[in-house]
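As a plain string of letters, each chain reads:
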Amino acid sequence: MRRAPALAALLLLTGCATGPSLEDRGKVTEPPGDSHRLTVGSAGFTESDLLAQMYALLLDDAGYETSLLTVANRELYEPALESGQIDVVPEYAATFADWLNARTHGADAPPVGSPDLGATMDALRRLAAPRGLTVLDPGRAVDQNAFAVSASYARRHGLRTLSDLGASGLRVRLAAGDECVRRPYCAPGLRKTYGIDITAVDPKGVGTTQAKRAVQNGEDQMVLTTTTDATLDAFGLVLLADDRHLQNADNVVPVVNRAQAGGKGVAKALGRLGAVLTTADLASMNRQVDSWRRLPEDVARSYLEDKGLLK
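What counts, and where the lines are drawn
- Residues numbered from 1 in each chain as written.
- Predicted model: local features only at pLDDT ≥ 70, side-chain atom pairs only at ≥ 80, totals over all residues.
- Heavy atoms only, no water.
- Helix = DSSP H or I, 4+ residues; strand = E, 2+ residues; numbered from the N terminus.
- Rg over C-alpha atoms; globule rule 2.2 N^0.38 Å.
- Contact = heavy atoms within 4.5 Å.
- Areas by Shrake-Rupley, 256 points an atom, 1.4 Å probe, with all protein chains shown as cover.
- Lys, Arg positive; Asp, Glu negative; His and termini not counted.
- Charge placed at Lys NZ, Arg CZ, Asp CG, Glu CD.
- Polar contact = N/O pair within 3.5 Å; in protein donor to acceptor, adjacent residues only side chain to side chain.
- Pairing = 2+ DSSP bridges.
- Axes fitted to C-alpha atoms, helices over the stretch in contact; angles between N-to-C directions.
- Parallel < 35°, antiparallel > 145°, perpendicular 65-115°, else oblique.
- Left-handed = near helix turned anticlockwise from the far one by under 90°.
- Buried < 20%, exposed > 50% of the residue type's maximum accessible area, 1.4 Å probe, protein only.
- Arc of directions from axis to C-beta.

> Summarise the overall build of the chain; cite the residues concerned and give the values.
Looking only at helices and strands, the chain features 13 helices and 10 strands. Since a compact globule built from 311 residues should have a radius of gyration of about 19 Å, the 20 Å found for the chain is in line with a globular shape. In terms of its C-alpha atoms, the chain occupies a principal-axis envelope of roughly 55 × 45 × 30 Å. In the chain, of all internal contacts separated by at least 6 residues, the share reaching a separation of at least 24 is 77%. Accessible surface computed for the chain: about 14300 Å², of which carbon and sulfur atoms make up 51%. Of the side chains in the chain, 34 bear a positive and 38 a negative charge, and the two mean positions are spaced by 2 Å.

Below, the structure is given as structure tokens:
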């Protein structure tokens, strides 16, 4: 049975402890735990809410008692995860690995996330373990940067992949965040890996309505968005496949507090979802919440029931 979190619980996060003490960092100090009562965290955006709801429903079904807590800031919810105020949270492998790496080694530390899922998971687990965190197996679903063009533009030029776009020699104005100019997985990577002629970056943001409309009306030719974007169809846009694997391995991955939720029961319950949930499934569920205005819990429950994941 889940219960709504009290506002006071949110306020406690600002003063919570931050996990293992400094002298204990670098070694695991607690055996895997299996608490009957678990708090599932969400980062407050649609996809995180959906994943948290599915985690809670699966854990309830496995005999745990869960509550949900929304903390829309990784700087707050990660320390709360270390301290045990949050026990389980959905994360993204490469993004979380780089975030922990910067927190551990400084903001200028070389990134450890990469398109190689195995190497990314190894780095993530090495960084998480000293903080009392266990990273469970990654799922099939991936929410990573992606690039979309209008469907008519793709048909006219025979484009299905980013390699196709590079080979076409077309000049491309890219709608994205202003940081895209320098980030290796954005404009510089598109030029280097795919040979795409990026003539300019139009700073309209990542996957914003304004950016998508700019591509829809031909002002720009391509937009930076994500693989689980639920609104592409509404703007007549289609994704071009990242066929040379420029983007990092941002597979959905559950991260748990080892002392509270590091036992086999939690891993088994959540592993059932990871084996089934796909990127397309996540995009579809995002659309149901964002466009159809369904409640995340209802969408999550319907999906799990449809897949036979609830008893």
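More follows now that the structure is in view.
> Describe in detail the side chain of aspartate 202, supporting the description with residues and values.
Topologically, aspartate 202 is positioned in strand S7 (residues 197-203). Among the polar contacts listed, one links the side chain of aspartate 202 to the side chain of lysine 204, at a separation of 2.6 Å. Once residues lying within four places of it in the same chain are set aside, the contact partners of aspartate 202 are Arg173, Leu174, Ala175, Ala176, Glu219 and Asp220.

> Any details on the sheet that holds strand S8 (residues 222-226)? Residues and values, ideally.
The strand order S7-S6-S8-S5-S9 describes an open sheet built from five strands, whose pairing is mixed. Where the open sheet ends on each side, the last strands, each with one partner, are S7 and strand S9 (237-240). The sheet shows a mean angle of 40° between the axes of neighbouring strands, taken without regard to direction. Taken together, the two bridges between strand S6 (residues 171-176) and S8 define a ladder with parallel strand orientation. Looking across to S8, one finds that alanine 175 is bridged to valine 223. On top of the sheet, helix H8 (residues 187-194) reaches strand S5 (145-150), S6, S7 and S8; it is set at about 165° to S7, its chief contact. Of the strands in this sheet, S5, S6, S8 and S9 are in contact with helix H9 (residues 209-216), which crosses S8 at around 140°.

> Hey, could you go over the packing of helix H2 (residues 46-61) against helix H11 (residues 264-274) for me, with residue numbers and the actual values?
Axes are the key here: two packed helices are described by the angle between their axes and the distance separating the axes. As a packed pair, H2 and H11 sit with axes 9 Å apart at the nearest point and diverge in direction by 125°. As summarised for this structure, H2 and H11 are arranged oblique, according to the angle between their axes. In this structure, H2 meets H11 at a crossing whose hand is right-handed. Residue-level contacts link Met54, Tyr55, Leu58 and Leu59 of H2 to Val266, Ala269, Leu270, Arg272 and Leu273 of H11.

> Residues and numbers for the environment of alanine 214, please.
For alanine 214, the position within the fold is in helix H9. Residue contacts for alanine 214: discarding those within four places in its chain leaves Lys204, Glu219 and Asp220.

> Quick one: what's the story with H11, residue by residue and with numbers?
The complete set of buried residues in H11 reads Val266, Ala269, Leu270 and Leu273. Down the axis of H11, the buried side of the element spans an arc of 85°, and every buried residue falls inside it. Exposed side of H11, more than 90 degrees from the buried face: Lys264 and Lys268 are the residues found there. Lining the buried residues of H11 we find strand S1 (37-42), H2, strand S3 (88-92), strand S10 (252-257), helix H10 (258-261) and helix H13 (296-306).

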